[in-house]
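Residue strings, one per chain:
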Amino acid sequence: MITAATARSSFIGHRFSLSSLLLLLSSRRRRPKSPLSPPYIPLLPLSSAAEFSTNINSCRKMMTRNTSFLAVTTTCFCCITQLFLRIGGIQSFATTPPFHSIRDNKKRLEDFQLWSSSSATDKSSSSTSSSSGEAILDLAQEPPPRPSGSVLTDLVTNGVVSSSSSSAALSVTNNRNDKVEENNCRAENIGTTTINGKSNNVKDDNVDVTTTTKIIATNNQFIKSLPDKRHYRAITLSNQLTVLLTSDPLTDVESASVHVRAGHFDDPPNRAGLAHFHEHMLFLGTEKYPKEEEYEDFLGRNGGASNAYTDMEDTNYYFNVSPLDHSDEEEDEKEEDEESTTSSDNNNNKVEIIVEEEENNGGKVSSALSGALDRFAQFFIAPLFDESMLERELRAVNSEYLNGRTADNWRNYQMLKHLSNHDHPFSKFGCGNYNTLTDGGDPELKGENGEEEEEGGGVEFGGGSSPREDLVKFWTEKYHAGNIRLCVVGRASLDELQKTVEQTFGDVRPPPEGFVANGIVDQIKAGILKLPEEGGSHLRDENGDFVFQTEHFTYGPAVAFGPNELGLIREVIPLVESRTLKILSAVPPSHDPVLAESKPFRVLSHLVGHESPGSLHHLLMEEGWINSLSSGTGVSATDFCLTSLGISLTPKGMRERDQVLAKTWQWLALIKDAVLNDHHGVIEQYHNEMKALAATSFKFRENGDPTDFCSSAAERLFDYEPSKLLLGSAEAGEYDVEVARAFLKRMTPENSLIIITGPELAEKDLEEAAVSAREEEWQTEERYGGKYRQVRVSDDLAKGWNHPTEIDPRLRLPGLNEFIPEDLSLRCDDPEAKATFDPEVDYRKEHPNLIVDTPKLRLWHKMDRTFRVPKTSIRLQLTSPNIYRSPRSITLNRIFQKVLQDDLNSYVYDASVAGCNYRVTVAPSNYQLSVSGYSEKLPHLLDVVTSRIASLIGEMKEGEEAHPALEKIFSKSRDDLLRQTKNFVYDSPYETATYNFRMLCESPVWHVRDYIGEMEGPEAEAEPLTMRECAEAAEECLFGRTKAVSLCIGNIDEKGSREVAELISNHFLKKRPLIEDETPRFRSLRMPNKAEAIQIFGESVASKEVPIVYEGLAHSESEENNAVDLMMQTASSFELGFEGLAIQELIASMAYNSAFNQLRTKEQLGYIVAAVVKKSTGGGNGLHVIVQSSSTLPPALEERCLRWVEQFRKELEEMPESRFAMEAAAVKANLLEKDIKLSEEVSSVWGEILSTVPHSEHFKNPDFDRVEKFADVLTLDNKQGSGNESSIKTAAELKKKVLEFYDKYFSPDSPHRRVVSSRVYNRKAKALYEENIGKPGFISSYDDARKLKQMLTAFPTAPYW
């Protein structure tokens, strides 16, 4: 479903669209966490996704406020470069994307810590959520008949489980907790299991689980960081299931995750992709909850979401909910005046305080968490694998597979697998498709007369066979208590959480006798692996070579990458323009007990990827050969690992790849020599330095998102003792030179795979290089169509690389890090601060103070008293009208940003290693600068960065003759920006559809072709961009007339903040400030309604339901997908106000599941389906319905979207009022989620400050209570205290308002409906696209769009608060 980095894997790829990632992340069932985006964040309605950025943490603020997905992605623009730093950084060029049933985007976005905008080229993705009427569970009615044929029934039939057993394995619907909701059997607290058509009652007291649960680690045994106030307990249930319980009375998100040690390595030979398909099917009904949408529906009405991914050896499932306690939903929902008790605050009034081990102020388990756990547990107790749903989900997996065929990251990953040892399971095709899952079926196969014989279309299983029997077998063998781990986070006490887990997961089948899980903990307990003895010698083989116990152990004697698969040079032709060089070396698994103790790979990766002067990175950058270099783990499995050294090449670097490789092996030789002959203990000093940094980082590590924590902690339970689970990889032993030497011995050409990727490789007249496979024939990988050729490394090359005759004198090992913090004291503990501390005050609610207020600079300050970490964040935005005044100006400023980033690495790389980070980004209206990290070194870092910006501009203005090395960096940066911009055309069709909307709806905007024209073509050759011109453009925007806003927050006092203000003024604010009318502002255009469209295009559009259609054609010949983005524009944020915006987003919150269920699940139109509210620059709003399909053309997709719009109106009308109250309560709970770490608070308040910048002096003060005011709108019967009175008092009034809003803006008959469609055709449908060119109401180019925009009016830009 999607590639995403996990604990065991990360990306391989040369380009990955972030907006594509975001929508894919939301492309399964996912509920948006809240509806509200910041009122205005300066947006980049411009070029290629990898080009630009606005402040990433400002964008992330919207995530921490759980903003509606597309409201975020359309309101800000983040630098895709930062995405590559994350997914292409220390783990770049990695190769194991897991397969996701994505239902929630929050966790993966936390991984990237940034948001994408759907700016003009980073076309936004979309999603929100809802529930279809059919999926709504009316608990007042009789539950539907339970389908026969559950897995449990199959187990009994096949003799796996005895039908007479009364053990926990058969207690499928047993409910031992009156808070756990049931479909039927509430009163008697008795569950029923249908076995071979017979009813077998299971009494509540059959198994006394509370007396057989073992506590294996208590709270005071866990090693925790200082800020961590959660309480932990690790237990083993009576069925041998290991569970981590986490009590956090202050959490606003409750979560759980199950990690299964089974993935696509376990696929049977004739069912490639079965583990992935199995993960899909678990969500489609269980014996206890047979309705396929019951799980998602329950999560949705409790403000939650779910997700899953399938990896090589693992599958992970997780969910989150708000800690809500709705009133008795099972009572008569049909009473229209019933009102639910939905406030999460009420939950706090219904708890009992229980003291356990240490002070633990948790209470009872919320009904949201207990109900979700009950439904979740059934995945692992009695899933249905309903035969009637197989065809549908097979086509969903096939659609997912087809989406990946045009992505280089998928192609490269599968190519790596395809060319590995086929006796090892790594070689398996993990995603699967219709053909492999049905053992030969064809989804397009028709009946004898071309008729469709099955509901899914065509012959049953396409002439193949049903995978159900293999699904049941897979579940039976892999999904038992011994092979899964569970983690739960909740507000309740540990005792209450344990009780609920026992009552829900206690019924999971115990493992077979003698079972040992494929994890370090179990294997050590079973004596299979042995921990190294303290002071003892290491194991060696008969040749004296070091023995790593886990290497080639799990799947031996098969070796994934042995001599036949290594020592090769592989050349690959990418789909998009990208050039990379990767060296993958086979090493022992990183979790091997010996490696895990001394962690030699950490120091080696640190040295290989170092970026200071004297490093390989610095040398190659100076030559203009590379864009980036990174090192880390590429692929990590339980029995092998591939380290990765990844280099992004420039065109010049591709031509000089022989030199690049030679310098790389020289660098590795230098490091090897230092390790092998470390007479002065330098390597040990590096080790101790990294060890100290890791210890400090852990000491002050703040709690993160509970969902993310659960997902990773459940996996860690396999490889860490519970007491050390939180510490994880932060723990390191002493430096072990023997282990380091044994590890480094693997870094040889003979033990490595060299992969070179570039479009030039297809050219026959390519300049000859020693490193080439040009004598070999091109081959094509069968699954994704990747084109490659390869040749073995010659003996001469291997000898020269292993033992270079000379090492470039510019290469030298780095010095020790001078940025490591020593003073970790807290300013809030200073005597002056302590004197003003009030223990009764909740400092979370304290707003920043405006301490500098001048025409040039406004600076806010807040000293942290809540999170108590020695870290500070300083943010600065310089607003300039000159950045976006022309395509040339913005292009020059983007190039300067790239030059600055490359240049600053020489100065501040050590700071970033030591936990002090900087970022300088450019957006259409501003430059943003941020520094963050440990407070002691931060002022120095800020001074270095700001000083270097000025001196760099001065050097660039002196020209190429004075600074030839700088000219190389400038040329490289320009070429890199050009490449990224040109690659825009390869984005997914739905992204292109969204981009076209941005071109139509926003002003001013420059088209992507305008940027390309500044960098290549006749005009660019006649008037080329120069380094001097670039410096002058940046100087005008940074040091010319600007206005500035800034924030100092964290471990910094007011005095320190005023010193920052002085530094900013001295460096940047030397000229007079902008006047109000010079502030750049962007506008959102009002689309025509039907009457206005007729006036513009004539009567011919009067009969069309969608009078205006923007059509585009996919650029790539290999693109198989079509897409439609149907927009129904509402009004500006100012016109909607708090109440209108809240209603709009409540509709979107309910719409997502409905659209997904109808258009994807039932109609199978495509894998990517979303219904979402999007906010555009300038304050415009609209509901978007997005579908991407490989099987249906855009006009038909549009028609189905329109029919869904009508259907959803009926669903809303039939929905009980109490359901509206629950949905509103869920959105409110999401809104009021507290910031759980300092970085989240920074993003929250900085976003509010930025929202004031585009507006006049009348709106210059941030509304730090904006979110609370939105929550007040959604609070029924409780309107006092906020100062924002709403007319909505009851659920009935809320429903009425929702329907009125829907009818006004979305109804086909409404004169206010402003509907526009954006279609993108694949190349096969080019003729259909061309038929519509020139027809009234059709826009087929940006020239057509520009013409229409001249007839449109703009929305008001005034803020709504």
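Values in this document were obtained by computation on a predicted structure and should not be read as measured data. (Residues numbered from 1 in each chain as written. Predicted model: local features only at pLDDT ≥ 70, side-chain atom pairs only at ≥ 80, totals over all residues. Heavy atoms only, no water.)

Draft legend 1. Quick look at the overall build of the protein chain. Assigned secondary structure in the protein chain consists of 43 helices and 31 strands. Counting every position in the protein chain, which comprises 1361 residues, the buried fraction comes to 67%. Considering only intrachain contacts with a sequence separation of at least 6, the fraction spanning at least 24 residues in the protein chain is 83%. As displayed, the protein chain has an accessible area near 45800 Å², and 47% of this comes from carbon and sulfur atoms. (Helix = DSSP H or I, 4+ residues; strand = E, 2+ residues; numbered from the N terminus. Buried < 20%, exposed > 50% of the residue type's maximum accessible area, 1.4 Å probe, protein only. Contact = heavy atoms within 4.5 Å. Areas by Shrake-Rupley, 256 points an atom, 1.4 Å probe, with all protein chains shown as cover.)

Draft legend 2. Molecular detail of the packing of helix α37 (residues 1194-1214) against helix α41 (residues 1291-1305). Between α37 and α41, whose axes approach to 10 Å, the crossing angle comes to 165°. Considered as vectors, α37 and α41 are oriented roughly antiparallel to each other. Here the hand of the crossing between α37 and α41 comes out left-handed. Mapping the contact onto sequence places V1205, F1208, R1209, L1212 and E1213 in α37 and K1295, V1298, L1299, Y1302 and D1303 in α41. Tallied by class, residues from the contact of α37 with α41 come to 6 nonpolar, no polar and 4 charged. (Axes fitted to C-alpha atoms, helices over the stretch in contact; angles between N-to-C directions. Parallel < 35°, antiparallel > 145°, perpendicular 65-115°, else oblique. Left-handed = near helix turned anticlockwise from the far one by under 90°. Nonpolar A, V, L, I, M, F, W, Y, C, P; charged D, E, K, R; others polar.)

Draft legend 3. Region of the structure containing the sheet that holds strand β14 (residues 641-649). The strand order across the open sheet built from 7 strands is β13-β14-β12-β15-β11-β17-β16, with neighbouring strands paired in mixed fashion. A single partner strand is all that each edge strand has here, and the edge strands are β13 (626-636) and β16 (779-780). Inspection of the sheet shows strand β12 (residues 580-587) paired to β14 by 8 bridges, in the antiparallel sense. Counterpart to T580 in the pairing with β14 is S648. Running over the sheet, helix α12 (residues 408-418) touches β11 (568-573), β12, β13, β14, β15 (752-757) and β17 (787-792) and is turned about 145° from β11. (Pairing = 2+ DSSP bridges.)

Draft legend 4. The nonpolar core, seen in detail. Ranked by internal contacts, the top residues of the largest apolar core, which has 138 residues, are F896, I949, M956, L1038 and F1068. Look past the residues within four positions of F896 in its chain and what remains in contact with it is Y927, I949, L952, I953, M956, C1030, A1034 and L1038. A275, F277, V365 and I381 belong to the second-largest nonpolar core, a separate cluster that totals 60 residues. (Core = buried A, V, L, I, M, F, W, Y, C linked by side-chain atoms within 4.5 Å.)

Draft legend 5. Layout of the sheet that holds strand β27 (residues 1122-1129). In space, the 6 strands of this open sheet follow the order β28-β29-β27-β30-β26-β31, with mixed pairing throughout. Sheet topology places β28 (1168-1175) and β31 (1338-1339) at the edges, where each strand pairs with a single neighbour.

Draft legend 6. The pattern of salt bridges, seen in detail. Under the counting rule described, the total for this entry stands at 69 salt bridges. Across the pair D976 and K898 runs a salt bridge whose closest N-O atoms are separated by 3.0 Å. Note that D976 is positioned in helix α29 (residues 964-982) and K898 in helix α27 (residues 887-913), a separation of 78 residues in sequence. Taken as a pair, D976 and K898 share a single burial class, namely buried. A salt bridge links E1078 to R1041; the shortest N-O distance between them is 2.6 Å. (Salt bridge = Lys/Arg side-chain N within 4 Å of Asp/Glu carboxyl O.)

Draft legend 7. Focus on the packing of aromatic side chains. For the structure on display, the rule yields 48 aromatic pairs. Relative to F380, the ring of Y317 has its centre 5.7 Å away and its plane inclined at 80°; by these criteria the two rings are edge-to-face. Of this pair, Y317 sits in strand β9 (residues 315-321) while F380 sits in the loop between α10 (367-377) and α11 (387-404), and the two are 63 residues apart along the sequence. Assigned by exposure class, Y317 and F380 land together as buried. Three or more aromatic residues link up through ring pairs in this structure, and these residues are F265, Y401, W410, Y413, F426, F429, Y555, F561, F640 and Y784. The ring of F709 is capped by R230, whose NZ or CZ atom sits 5.2 Å from the centre of that ring. Geometry around Y843 places R865 over its ring, the cationic atom sitting 5.1 Å from the centre. (Phe/Tyr/Trp six-rings, centres within 6.5 Å; stacked < 30°, edge-to-face > 60°. Lys NZ or Arg CZ within 6 Å of the ring centre and 35° of its normal.)

Draft legend 8. View of the environment of P848. Of note, P848 is situated in the loop between α26 (831-835) and β18 (849-853). Distance from P848 to D864, taken between C-alpha atoms, is 10.0 Å for residues 16 residues apart in sequence. Those residues in contact with P848 that lie beyond four places of it in its chain are W860, H861, K862, L1047, V1245 and F1264.

Draft legend 9. Structural context of helix α38 (residues 1217-1231). Between its first and last C-alpha, α38 extends 21 Å over 15 residues, near the 21 Å set by a 1.5 Å rise per residue. For α38, the buried fraction is high: 15 of the 15 residues fall into the buried class. (Expected span 1.5 Å × (residues − 1).)

Draft legend 10. View of the side chain of T310. On the secondary structure map, T310 appears in strand β8 (residues 305-310). By relative accessible area, T310 is classed as buried at 0%. A polar contact of 2.5 Å, which involves the side chain of T310, links it to the side chain of E279. (Polar contact = N/O pair within 3.5 Å; in protein donor to acceptor, adjacent residues only side chain to side chain.)

Draft legend 11. View of the packing of α29 against helix α31 (residues 1008-1015). Two elements in contact, α29 and α31, have axes separated by 10 Å at closest approach and are oriented at 150°. It follows that α29 is roughly antiparallel to α31 by the angle criterion. In this structure, the crossing between α29 and α31 has a hand that is left-handed. Of the residues in α31, those in contact with R974, L977, L978, T981 and K982 of α29 are V1008, Y1011, I1012 and M1015. When the residues that make up the contact of α29 with α31 are grouped by side-chain class, the tally is 6 nonpolar, 1 polar and 2 charged.

Draft legend 12. Expanded view of α27. Given a rise of 1.5 Å per residue, 27 residues ought to cover 39 Å, and the 36 Å separating the end C-alpha atoms of α27 matches this to within 8%. Of all the bends in α27, the largest measures some 70° and sits at Y907. In terms of burial, α27 is largely enclosed, as 22 of its 27 residues are buried. Trailing α27 by a residue or two, G915 shows a phi angle of about 95°, which is positive. (Bend = angle between axes of the 7 residues up to and from the residue.)

Draft legend 13. Geometry of unusual backbone geometry. Cis rather than trans, the peptide bond between G556 and P557 has omega equal to 10°. As for its position among the elements, P557 is in the loop between α16 (520-525) and β11. Along the chain, S1003 connects to P1004 via a cis peptide bond; the corresponding omega equals 0°. Locating P1004 in the fold gives a position in the loop between β23 (1002-1003) and α31.

Draft legend 14. Looking closely at the side chain of D976. Exposure remark for D976: the relative accessible area of 9% places this residue in the buried category. Of the polar contacts made by the side chain of D976, one reaches the side chain of R979; its length is 2.6 Å. In contact with D976, not counting residues within four places along its chain, are N627 and K898.

Draft legend 15. Local environment of the pairing of β14. Most of β14 sits out of view: 9 of its 9 residues are buried. Of the two faces of β14, the one lined by C641, T643, L645, I647 and L649 and the one lined by L642, S644, G646 and S648 are each fully buried. Bridge count between β13 and β14: 9 bridges; the pairing is antiparallel. Its bridge partner lying in β14, S636 is registered against C641. The loop that links β13 with its antiparallel partner β14 comprises 4 residues.

Draft legend 16. Layout of the environment of P706. Of note, P706 is situated in helix α23 (residues 706-716). In this structure P706 comes out as buried when scored by relative accessible area, which is 4%. Placed 455 residues apart in sequence, P706 and T251 show a C-alpha to C-alpha distance of 8.2 Å.

Draft legend 17. Spatial organisation of the confidence of the model for the protein chain. Per-residue confidence for the protein chain gives a mean pLDDT of 81; residues scoring 70 or more make up 80%. A low-confidence stretch, residues 1-149 stays under pLDDT 50, and its non-local contacts, those more than four residues away or across chains, total 685 contacts. Across residues 328-359, confidence stays below pLDDT 50; counting only partners more than four residues off in sequence or on other chains, it has 80 contacts. (pLDDT = per-residue confidence, 0-100.)

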